[in-house]
Amino acid sequence: MTESKNVKFHTVKAIDNSRLVRSTAPDRVRELARQVVMGAGVAAVLLIYAWQHFECIQLDYQLQAVKSELSQKSELNQELRLEVAGLRAPSRIDQIARNQLGLTMPVPGQIQPVDSPSETVFAELHANLPTRQR
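Rules of the game
- Residues numbered from 1 in each chain as written.
- Predicted model: local features only at pLDDT ≥ 70, side-chain atom pairs only at ≥ 80, totals over all residues.
- Heavy atoms only, no water.
- Helix = DSSP H or I, 4+ residues; strand = E, 2+ residues; numbered from the N terminus.
- Buried < 20%, exposed > 50% of the residue type's maximum accessible area, 1.4 Å probe, protein only.
- Areas by Shrake-Rupley, 256 points an atom, 1.4 Å probe, with all protein chains shown as cover.
- Salt bridge = Lys/Arg side-chain N within 4 Å of Asp/Glu carboxyl O.
- pLDDT = per-residue confidence, 0-100.
- Patch = residues over 30% accessible without salt bridge, like charges linked within 9 Å, V, L, I, M, F, W, Y side chains within 5 Å.

## Things to note about the overall build of the protein chain
Okay, so step 1: Summing up its helical and strand segments, the protein chain has four helices and zero strands in all.
Okay, so step 2: Moving toward the C terminus, one meets the helices and strands of the protein chain in the order α-α-α-α.
Okay, so step 3: Counting every position in the protein chain, which comprises 134 residues, the buried fraction comes to 1%.
Okay, so step 4: For the protein chain, the accessible surface area stands at approximately 13,800 Å², while carbon and sulfur atoms represent 60% of it.

## A word on the pattern of salt bridges
Okay, so step 1: Summed over all chains, the structure comprises four salt bridges.
Okay, so step 2: Asp27 is the salt-bridge partner of Arg30, the closest N and O atoms lying 3.1 Å from each other. Note that Arg30 and Asp27 are positioned in helix H2 (residues 26-87) at a spacing of three residues, about one turn of the helix.
Okay, so step 3: With relative accessibility at 56%, the residue Asp27 sits in the exposed group.
Okay, so step 4: Put simply, Arg98 and Asp94 hold a salt bridge, and the shortest N to O gap is 3.1 Å. Here the residue Arg98 and the residue Asp94 both occupy positions in helix H3 (residues 90-99), the gap between them amounting to four residues, near one helical turn.
Okay, so step 5: Look at Asp94 and you get partly exposed, because its relative accessible area is 36%.

## Let's talk about the confidence of the model for the protein chain
Okay, so step 1: Summarising the model, the protein chain shows a mean pLDDT of 85, and 83% of its residues fall at 70 or more.
Okay, so step 2: Considering each helix and strand of the protein chain separately, the mean pLDDT is smallest for helix H4 (residues 119-128), with a value of 58, and largest for H2, with 96.

## Notes on a nonpolar patch on the surface
Okay, so step 1: A grouping of Phe54, Ile57 and Tyr61 is seen on the molecular surface, where their side chains present a nonpolar patch of about 350 Å² in accessible area.
Okay, so step 2: Among the secondary structure elements, Ile57 is positioned in helix H2.
Okay, so step 3: The partly exposed category is assigned to Ile57, whose relative accessible area is 33%.

Okay, here's the thing in structure tokens:
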């Protein structure tokens, strides 16, 4: 019997906390908002930096492509200039004139010098032109 006196019974009472609302500390909300804004600002700065960095790399690739194209065009231009110089060579023109066109050297009586007007004639002609044609 002594044992029954030592036994204690605990009753469980149901507590309804559903209507309780936890109060928010305004300082805590302000601190959280400030951290979110600062985090967004840092993220924006990092994104802008990364975008500029990758854009710079892309522009560098484009610049290298343009430089390569310029060097190719310069080489082609030099080759074409050499080809034009070869085509304009007097010996080549003389050879074509003799072999393909059948031309011969002129005899001394066939050449007549052309009298070109002096500069004063050009000035007189220019002075007599109407003002619309100048």
